[in-house]
Amino acid sequence: MINDKFLKPYNPQETEERIYKLWEESGFFNPDTLPGKCEKTFTIVMPPPNVTGVLHMGHALMLTLEDIMIRYKRMCGFKTLWLPGTDHAAIATQARVEKDIYKTEKKSRHDLGREEFLKRVEAFAKQSHDTITSQIRVMGASCDWSREAYTLDEKRSLAVRTMFKMMYDDGLIYRGSRIVNWDPKGQTTISDDEIVYEERKAKLYTFRYSKDFPIPIATTRPETKLGDVGVAVHPDGKWKQYIGQTFEIPDFAGVSLSIKVVGDTEVDPEFGTGAIGITPTHSFIDWEIAGRHALNKDRIVINEYAKMTEKAGPHAGKKTSEARESIVEWLKSEGLLEKEEEITQNVSTAERTGGIVEPLPKLQWFIDVNKPIKTREGKTLKDLMREAVKSGDIKILPNHFEKIYFHWIENLRDWCISRQIWFGHRVPVWYRSKLKVEDKKDEEVYVGVEPPRGDGWEQDPDTLDTWFSSGLWTFSTLGWPEKTKDIELYHPTDVLETGYEILFFWIARMVLMTKYALGTVPFRTVYLHGTVRDGQGRKMSKSLGNGIDPIDVAKKFGTDAGRMALIVGNTPGTDMNISEDKIRGYKNFANKLWNIVRFVIENTQGEIFEDGFTGYTETDAKLREERHEMFVDVTKDMEEYRFYMAAEKLYHYAWHTFADKILEESKVIFEKGTDVEKKSRKQLLIHSLDKILKTLHPFIPFVTEEIWQLWKQPKGKDGMLMVAEWPIK
RNA sequence: GGGCGCAUAGCUCAGUUGGUUAGAGCGUGCGAUUCACAUUCGCAAGGUCGCAGGUUCGAUUCCUGCUGCGCCCACCA
């Protein structure tokens, strides 16, 4: 008899949680307990969501795409592993907690102290973790929770320390004083990728150091000029006659300068005045030029708080902006200011704190990307990254991102991995002297996986860039540095699916780490999805109030509807728009499917599914053939990552071919047809429905599983749709 | 400044290697319907596939140029 449930519309709220539990308890998310003899594996390691917040549409898209691949491969008989996890997201999480604490208690992290502060961060991370993982379940993600990992848990910490030690021993990690991006607001260094540029109006001043200095200099930051040690001109430019000369400036706004003119091809003789005032300590390019010409690199005039130092003479203690004003005043009064023009320039600001980035020389830990590696045939890390994609070992979808990837590698500088924040992996380095970090003379340094023995050791206070631990993700999650069976079986992973915005942050760094440590690629295929935007193509944001919460969607329309809406029309690498209207359309689809089943059940009472049935009428044989071709097509789409197309084809077939045409015609047959026609049609219907449910399952797993259970009433858990066989081989 | 991409129906977008009348969803109009459908079904209107050239028997699809839009990268002082 037909189940009473079919007399009412499909109710996802009543269904989804129950079905997820059924799946999870079956143990089939775990490849070790998955039935099947096939030894071929298929692995995805989940990009770990940050423990800072809640699930958003981007996560929902990621989870849906990955779940589709995983469910599809599982049905194709692969030993399928989808390994979930979360990311401690060092700076983001610390900043978030600092803000909360300041808001409620008006205290800074320094007021609380390192230990207490870390306790608070961990408590927050724990709570946030629980929210995130339960939300991942709501999305229907069929991942193996028994292998769940966290970028800051014990195993991953061991992996991080081991990697650091390895790279240090190979001379790839070094400590050095170099110009870094310093965020005065967050009091930490940040990587190039954590900078956002803001366009601002600025003034470009053209001036001379003194009346008899021959070359005019342009700058937007006169306060840094107190730190100048030279002027660079093009070797063949109009100022070449001065190359090699040194000018003593006894009084430049209260300090004395010694300016040497050097010739450097990096100077554009056509631009500006054709000369650059060299401030080695507060500009990247100047630091490099100074290095090439052995200019003094210790004239630091701005400190970590963006204030002037003692070396700025009378300006010491002033904010940079104040110093700028008074120097401009001084230049004017001395008649040294030649020009003042309005320009727009890009100011570097820190992504997380919004602070204006101050380039400063600091003693930091770096990864050398240009050093030949003995264990890798003398190749550099850059070489390894480039070769992984160039050789075709890694394919990036869509293809044109490969160009962007190569371009990024060409411009890559040494990677600064130390951060002056507290939350994260502590740098596994210990020093044995009380001397300040800035002064490494007489200092004993120990680098190790475990702390050193003996007294007087003090660990480096810094933590590692969060992408250092993320870089190990595909293999640290599988147990590295231990030689585990998981690594042997599941690494390299098959697909890395993520948003294109973290191609450099993360993907490139995983390639770097994996090629270096294991000699293999971390994954075979990179599938990049675009940004999820609102119905009008705007970014979802709190201030616009146009965000759509995937959990709300699940409540209102059902997870299946949200998943389908995210997939149809979503091509890799392209942003997509989503609106409630679109989602509503797919809620109706779930209900349509529900009613299709009701019709089929009611009209095929007593009919048994006959495998290999051959008694089809000519009409039905043709319909069967068309159906088969469609499924072959869809299978090809699945293999070639065209999920958007597979989903649409299946949707169209189920609704507009199967329901609108075939079911409508069946009404006539069941009323007036011969017994042979009826029999043929009943077999066609149950075979078609069987296959429609199977092929739709990766996309809309809940409603298809629920229908399957009600229709087929399988005895054991092996009869679940989740582990049914994909109908096309 | 360098790089990458996009421009197709009122809106949001598909169109898989060039091949008959270019598709979907939403929206719009007309009609039907308590017979699986908190509805659904049928029918319809609507596109010189950004512009200009080129390759080809044939171009929305390939090439060149132009225009408009978007994204990423960047230490022009």
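Report follows, based on the coordinates. Each chain carries its own residue numbering, running from 1 in the direction its sequence is written. Starting at A for chains and at 1 for ligands, labels are handed out in the order in which the entities are written. Given that this is a predicted model, residues contribute local features only at a pLDDT of at least 70 and side-chain atom pairs are listed and counted only at 80 or more, while totals for whole chains, interfaces and linings are drawn from all residues. To get the side-chain values, all heavy atoms of the structure are used, and hydrogens and water are removed first.

1. Section: the overall build of chain A
The secondary structure listing takes helices from DSSP runs of H or I that are at least 4 residues long and strands from runs of E that are at least 2 residues long, numbered from the N terminus. Looking only at helices and strands, chain A features 21 helices and 25 strands. C-alpha atoms of chain A, sized along the principal axes, occupy 110 × 60 × 55 Å. When a residue's accessible area, from a 1.4 Å probe over protein chains only, is under 20% of the maximum for its type it is buried; when over 50% it is exposed; and in between it is partly exposed. The buried share of chain A, reckoned over its 729 residues, is 56%. Note on definitions: a residue-residue contact is assigned when non-hydrogen atoms from the two residues lie within 4.5 Å. Contacts in chain A between residues far apart in sequence, at least 24 positions, make up 76% of those at least 6 positions apart. Carbon and sulfur atoms make up 50% of the accessible area of chain A, which totals about 32,200 Å². Only four residue types enter the tally: Lys and Arg on the positive side, Asp and Glu on the negative side, with His and both chain ends excluded. Where a charge sits is defined by one atom per residue type, namely NZ (Lys), CZ (Arg), CG (Asp) or CD (Glu). On chain A, the mean spot of the 105 positive side-chain charges and the mean spot of the 113 negative ones are 1 Å from each other. Here, Shrake-Rupley sampling with a 1.4 Å probe gives the accessible areas, and only protein chains in the shown set may cover a residue.

2. Concerning helix α19 (residues 643–672)
The end-to-end C-alpha distance of α19, which contains 30 residues, comes to 40 Å, matching closely the 44 Å that a straight helix rising 1.5 Å per residue would cover. Roughly 40° is the biggest bend found in α19, and it falls at F658. One less than the number of residues in a helix, times 1.5 Å, gives the span that helix is expected to have. Two axes define the bend at a residue: one fitted to the seven residues ending there, one fitted to the seven starting there, and the bend is the angle between them.

3. Section: the protein's contact with RNA strand B
The immediate surroundings of RNA strand B are formed by 42 residues, with A218, I285, N577, N595 and W655 found nearest. Sugar and phosphate atoms constitute 56% of the interface atoms of RNA strand B, taking the interface as everything within 4 Å of the protein. In the model, a sugar or linking oxygen of RNA strand B is placed 2.5 Å from a nitrogen or oxygen of the N595 side chain. Every element with two or more residues in the surface near RNA strand B is listed here: β8 (217–219), β13 (337–350), α10 (401–410), α17 (580–603) and α19. Looking at which element gives the most residues to the surface near RNA strand B, the answer is α19, with 10 residues. Tallied by class, residues from the surface near RNA strand B come to 16 nonpolar, 13 polar and 13 charged. Residues are classed as near a molecule or strand on a simple rule: at least one heavy atom within 4 Å of it. Counted as a polar contact is a pair of N or O atoms within 3.5 Å, where, for protein atoms, one must be capable of donating a hydrogen and the other of accepting one, and residues adjacent in sequence contribute only when both atoms are in side chains. Charged means Asp, Glu, Lys or Arg here, nonpolar means Ala, Val, Leu, Ile, Met, Phe, Trp, Tyr, Cys or Pro, and polar covers whatever is left, Gly included.

4. Describing the side chain of H88
Its location among the elements puts H88 in the loop between β3 (85–86) and α3 (90–105). The buried category is assigned to H88, whose relative accessible area is 0%.

5. Details of empty space enclosed by the protein
A water-sized probe rolled over the atoms picks out the places where empty space is left. In this analysis a 1.4 Å probe is tested at points of a 1 Å grid over the protein atoms alone, and where it fits but cannot get out there is a cavity; an open set with protein on both sides within 12 Å along at least five of seven lines is a pocket; lining residues have an atom within 4 Å of a point. Grid points are joined across faces, edges and corners, and a volume is the space filled by probe spheres set on the points. Counted according to the given criterion, the structure contains one cavity of 30 Å³ or more. A volume near 50 Å³ is recorded for the largest cavity. In this structure, the largest cavity is lined by M57, M139, P550, V553, A554, T559, G562, R563, L566, I578 and I583. Elements supplying a minimum of two residues to the lining of the largest cavity: α15 (550–556) and α16 (559–567). For the lining of the largest cavity, the element with the highest residue contribution is α16, accounting for four residues. Across the lining of the largest cavity, the residue classes tally to eight nonpolar, two polar and one charged.

6. Quick word on the packing of helix α2 (residues 57–75) against helix α18 (residues 618–639)
The convention used is that axes are lines fitted to C-alpha atoms, helices contributing only their stretch in contact, and that angles between N-to-C directions extend from 0 to 180 degrees. Following both chains from N to C, one finds α2 and α18 inclined at 120°, their axes separated by 11 Å at the closest point. The pairing of α2 with α18 is recorded here as oblique in orientation. Pair α2 / α18 crosses with left-handed handedness. Each of I68, Y72 and K73 in α2 lies in contact with α18, whose residues at this interface are T635, M638 and E639. Residue composition of the contact of α2 with α18, grouped by class: three nonpolar, one polar and two charged. Any angle from 65 to 115 degrees is called roughly perpendicular, while one under 35 is roughly parallel, one over 145 is roughly antiparallel, and all others are oblique. When the near helix sits turned anticlockwise from the far one by under a right angle, the crossing is termed left-handed; a clockwise turn instead gives a right-handed crossing.

7. Focus on unusual backbone geometry
Between W480 and P481 the backbone carries a cis peptide bond, its omega angle lying at 10°. If you trace the backbone, P481 turns up in the loop between α12 (473–476) and α13 (485–490). Here the amide bond leading from H491 into P492 is cis, since omega sits at 0°, within 30 degrees of zero. The topology assignment puts P492 in the loop between α13 and β22 (493–499). One non-glycine residue, K106, lies in positive phi territory at about 55°. Looking at the secondary structure, you find K106 in the loop between α3 and α4 (109–112).

8. Points about the packing of aromatic side chains
Pairing of aromatic side chains here covers Phe, Tyr and the six-membered ring of Trp, requires ring centres within 6.5 Å, and sorts the geometry by plane angle: under 30 degrees stacked, over 60 edge-to-face, intermediate tilted. Within the structure shown, the criterion is met by 35 aromatic pairs. On the basis of an interplanar angle of 90° and a centroid distance of 4.8 Å, the ring pair of Y72 and W726 is categorised as edge-to-face. With Y72 in helix α2 and W726 in the segment after α21 (701–712), this pair connects stretches of sequence that are 654 residues apart. The residues Y72 and W726 share a single accessibility class, namely buried. Over a ring means this: the NZ of a Lys or the CZ of an Arg is within 6 Å of the ring centre and within 35 degrees of the ring normal. Residue placement shows K712 over the ring face of F609; its charged tip is 4.5 Å from the ring centre. A cation over an aromatic ring shows up here: K712 above the ring of W711, its NZ or CZ 4.7 Å from the ring centre.

9. Comments concerning the packing of α18 against helix α20 (residues 675–696)
One can describe the packing of α18 onto α20 by two numbers: an axis separation of 10 Å at closest approach and a directional angle of 10°. Accordingly, the angle class assigned to the pair α18 and α20 is roughly parallel. Together, T619, D620, L623, R624, R627 and F631 of α18 and E677, S680, R681, L684, H687, S688, K691, I692 and T695 of α20 make up the contact between the two elements.

10. Points about the pattern of salt bridges
Salt bridge, as used here, is a side-chain nitrogen of Lys or Arg placed within 4 Å of a carboxyl oxygen of Asp or Glu. Counted by the stated rule, this structure contains 55 salt bridges. For E116, the salt bridge goes to R120, with nearest N and O atoms at 3.0 Å. With E116 and R120 both in helix α5 (residues 114–138), this residue pair falls four residues apart, about one helical turn. Of the charged contacts in the structure, one is a salt bridge between K165 and D169, with a shortest N-O distance of 3.3 Å. Taken together, the residues K165 and D169, both in helix α6 (residues 154–169) and four residues apart, mark about one turn of the helix.

11. As for helix α14 (residues 503–517)
Taking 1.5 Å per residue as the helical rise, α14 with its 15 residues ought to reach 21 Å, and the 20 Å between its terminal C-alpha atoms agrees with that figure. Note on α14: the residue one or two positions beyond its end, G519, has a positive phi of about 80°.

12. Some thoughts on the environment of F557
Position of F557 relative to the elements: it lies in the loop between α15 and α16. In this structure F557 comes out as buried when scored by relative accessible area, which is 5%.

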